[in-house]
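Listed here are the chains, written in short residue letters.
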Amino acid sequence: MSRRAVVCGGSIGGLFSAAFLRNAGWDVVVLERSRTELAGRGAGIVTHDLLDRLIRLAGAETTDLGVQVTERVAFDLTGARVATLSLPQIVTSWDRVHSLLRALMPAGTYWLDKAVSGYVETDGQVTLQLEDGTTEAADLVVGADGFRSAIRAQMHPEVQPQYAGYVVWRALAHEADLPADVRQSVFDPFGFFLPDGTQIIGYPIAGPGNDLRSGHRRYNFVWYSPVTPAELADMLTDASGHRHDLTIPPPLVRESVLAQMRRFADSNLPEPFLEILARSERPFFTPIYDHLSPYFAKGRAALVGDAACVARPHVGMGVTKAAGDAEALARALTGTDVVTALGHYSFERRNAGQVAHDTAQRLGSYIFSGGSPKESPANHDGRSNPRISVIMAETAVVPAALL
Ligand SMILES: Cc1cc2nc3c(=O)[nH]c(=O)nc-3n(C[C@H](O)[C@H](O)[C@H](O)COP(=O)(O)OP(=O)(O)OC[C@H]3O[C@@H](n4cnc5c(N)ncnc54)[C@H](O)[C@@H]3O)c2cc1C
């Protein structure tokens, strides 16, 4: 008789977990809190050979996964090239990866509008409790419910995401809307702007409907910007005066917050990136948090992806790490009892999470290495960042220890 797993959360970590467990013979159901099918905000994801391999291992095709970039280029404030690095990579979008995995779910195994509130372990079984008052019994519960995980809150009530001191503004511009000189200068490479105290990266991704044709793609703009806790509290407050906890839905960001961001951009960003920002759909921000759970499983409950550990986006590992967790979980469960398997899983992936987490913190710290442009104009133009080579070589690259 096949064993039953209930996966809490139907995003990337949950779908990878479902695919690998089902491939290993498990009966799997995914419970997703959202009432409607998930849709990313279209923003970009950097892929790695490791992710490509894991998507195929899960059972999906990776043909036309995304846009192939061949080089990395750092620009200065005038938009001139400061440094280049040859580094072929495929860049894609959250939606693309999610839809590939979502298509693997057999009908009736992905349940929307199912918010999990906790779980109870009894001898040989685990029972999930849902906010609607129902329960689901299983042999295994997988907490793939993101950085505010209800499963982690029960397993590790002491673990709280820590604010890193900066936010990321993201925006998408249609290639066809950009002036010819911007398309020619910054559009094609994986671009950087690296002055003191702030950081921009950007790259092309597919257009709507995974359109990879030149002229039909979009530019993914990513801007890390320091924000004090007091400023963040204000940014998380919507027009009605309600202060949101940790993040704010993009449509609720006040116009004055957007206007302030644009004013700062006007005096600190290179012209090509300003052109991209000006022609983008409404930019949105996400505060940067990280956390690392002390262990990734206990009894019959396992944590995967952002529920277990969030590595800041500089390392570009959110999706790949979730895939690696899911693969390791299913592999550990082969041929042994659940509780023993989860112990092995936790050991293996906690170490991997630590590497990604620490690497991302180090890369994030480089933003602040020379002070803020508000305080120190030393490298205001992005030409003399002493870490330009290491940032270009290590951003969104799998750390060697995880290969
Ligand atoms: C809509 C969306 C868009 C994203 N876009 C990007 C992007 O453009 N670029 C990028 O780098 N990263 C993006 N991310 C984050 C990135 O996808 C994650 O790092 C990566 O997907 C790891 O995913 P995860 O499944 O561990 O967590 P998440 O992607 O955060 O997913 C957690 C899921 O669990 C669900 N959930 C939460 N609590 C409960 C509960 N109590 N019961 C049931 N379900 C619950 C949530 O609704 C969510 O679907 C996005 C995430 C989401 C959800």
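Heads up: the structure comes first, above all this text.
Just so we're clear, the structure is a prediction, and the values are computed from it rather than from any experiment. (Residues numbered from 1 in each chain as written. Predicted model: local features only at pLDDT ≥ 70, side-chain atom pairs only at ≥ 80, totals over all residues. Heavy atoms only, no water.)

(A) View of the overall build of the protein chain. Along the protein chain, the regular secondary structure elements total 11 helices and 18 strands. Taken over C-alpha atoms, the radius of gyration comes to 21 Å for the protein chain, in line with the 22 Å a tight globule of 403 residues would show. Considered along the principal axes of its C-alpha atoms, the protein chain spans approximately 65 × 45 × 35 Å. Expressed as a percentage of the 403 residues in the protein chain, the buried residues total 56%. (Helix = DSSP H or I, 4+ residues; strand = E, 2+ residues; numbered from the N terminus. Rg over C-alpha atoms; globule rule 2.2 N^0.38 Å. Buried < 20%, exposed > 50% of the residue type's maximum accessible area, 1.4 Å probe, protein only.)

(B) The nonpolar core, seen in detail. In terms of nonpolar packing, the biggest core is built from 64 residues, with F16, L21, L140, L333 and Y345 touching the most fellow members. When residues of this core are assigned to their parent elements, the largest contribution, 8 residues, is made by helix α9 (residues 318-332). Of all hydrophobic cores here, the second largest spans 34 residues; its members include L194, I201, L363 and A396. (Core = buried A, V, L, I, M, F, W, Y, C linked by side-chain atoms within 4.5 Å.)

(C) Summary view of the environment of R254. Mapped onto the elements, R254 comes out in the loop between α6 (229-235) and α7 (255-268). Distance from R254 to T237, taken between C-alpha atoms, is 7.8 Å for residues 17 residues apart in sequence. Other than its neighbours up to four places away in sequence, R254 contacts D234, T237, D238 and A239. (Contact = heavy atoms within 4.5 Å.)

(D) Examining unusual backbone geometry more closely. For D64, which is not a glycine, the phi torsion comes out positive at approximately 55°. Judged by its relative accessible area of 49%, D64 falls in the partly exposed class. For L246, which is not glycine, the phi dihedral falls at a positive 70°. Mapping L246 onto the fold places it in the loop between α6 and α7.

(E) View of the sheet that holds strand β4 (residues 67-75). Spatially, the 9 strands line up as an open sheet ordered β3-β5-β4-β12-β13-β14-β11-β15-β18, and their pairing is mixed. Of all the strands in the sheet, just β3 (44-46) and β18 (309-310) have a single pairing partner and so form its edges. Together, β3 and β5 (81-93) form the strand contacts of helix α3 (residues 94-102), whose direction differs from that of β5 by roughly 30°. Strand contacts of helix α10 (residues 338-365): β11 (162-174), β15 (284-292) and β18, with the helix running at about 130° to β15, the strand carrying the most contacts. (Pairing = 2+ DSSP bridges. Axes fitted to C-alpha atoms, helices over the stretch in contact; angles between N-to-C directions.)

(F) Broad picture of the pairing of strand β12 (residues 190-193). By the alternation rule, side chains of β12 split into F190 and F192 and G191 and F193, which are all buried. Two elements, β4 and β12, share 4 bridges in a ladder whose sense is parallel. Of the residues in β12, the one forming a bridge with V73 is G191. The sheet contact formed by β12 and strand β13 (residues 199-205) spans 3 bridges and is antiparallel. Paired with G191 across the two strands is G202, which belongs to β13.

(G) Structural detail: the packing of aromatic side chains. Across all of its chains, the model carries 12 aromatic pairs by this definition. Measuring from ring centre to ring centre gives 6.0 Å for Y166 and Y224, while their planes differ by 80°; the resulting arrangement is edge-to-face. In this pair, Y166 sits in strand β11 while Y224 sits in strand β14 (residues 218-226), placing the two residues 58 residues apart along the sequence. Residue classification places Y166 among the buried positions, given a relative accessible area of 0%. (Phe/Tyr/Trp six-rings, centres within 6.5 Å; stacked < 30°, edge-to-face > 60°.)

(H) Molecular detail of the sheet that holds strand β17 (residues 301-303). Taken together, the 6 strands give an open sheet; going across it, the order is β6-β2-β1-β10-β17-β16, and neighbouring strands pair in mixed fashion. In the strand order of this sheet, the two ends are held by β6 (110-111) and β16 (297-298), each with one partner. Bridging between strand β1 (residues 4-8) and strand β2 (residues 27-31) involves 5 bridges; their strand directions are parallel. Across the sheet, the residue bridging to R4 is D27, located in β2.

(I) Structural view of α9. Taking 1.5 Å of rise per residue, 15 residues should cover 21 Å, and α9 covers 21 Å from first to last C-alpha, within 8% of that figure. With respect to burial, α9 is a largely interior element, 13 of its 15 residues being buried. (Expected span 1.5 Å × (residues − 1).)

(J) Just the site of the ligand, in detail. Looking at the ligand, there are 26 residues lining it, with S11, G13, E32, W94 and D306 nearest. The side chain of E32 places a nitrogen or oxygen atom 2.6 Å from an oxygen atom of the ligand. One of the backbone N or O atoms of V116 is found 2.9 Å from a nitrogen atom in the ligand. In isolation the ligand offers 920 Å² of accessible surface; the protein chains occlude 82% of this area. Those elements giving two or more residues to the shell around the ligand turn out to be α1 (12-23) and β3. Of the residues contributing to the shell around the ligand, the split by class is 12 nonpolar, 8 polar and 6 charged. (Near = heavy atom within 4 Å. Polar contact = N/O pair within 3.5 Å; in protein donor to acceptor, adjacent residues only side chain to side chain. Areas by Shrake-Rupley, 256 points an atom, 1.4 Å probe, with all protein chains shown as cover. Nonpolar A, V, L, I, M, F, W, Y, C, P; charged D, E, K, R; others polar.)

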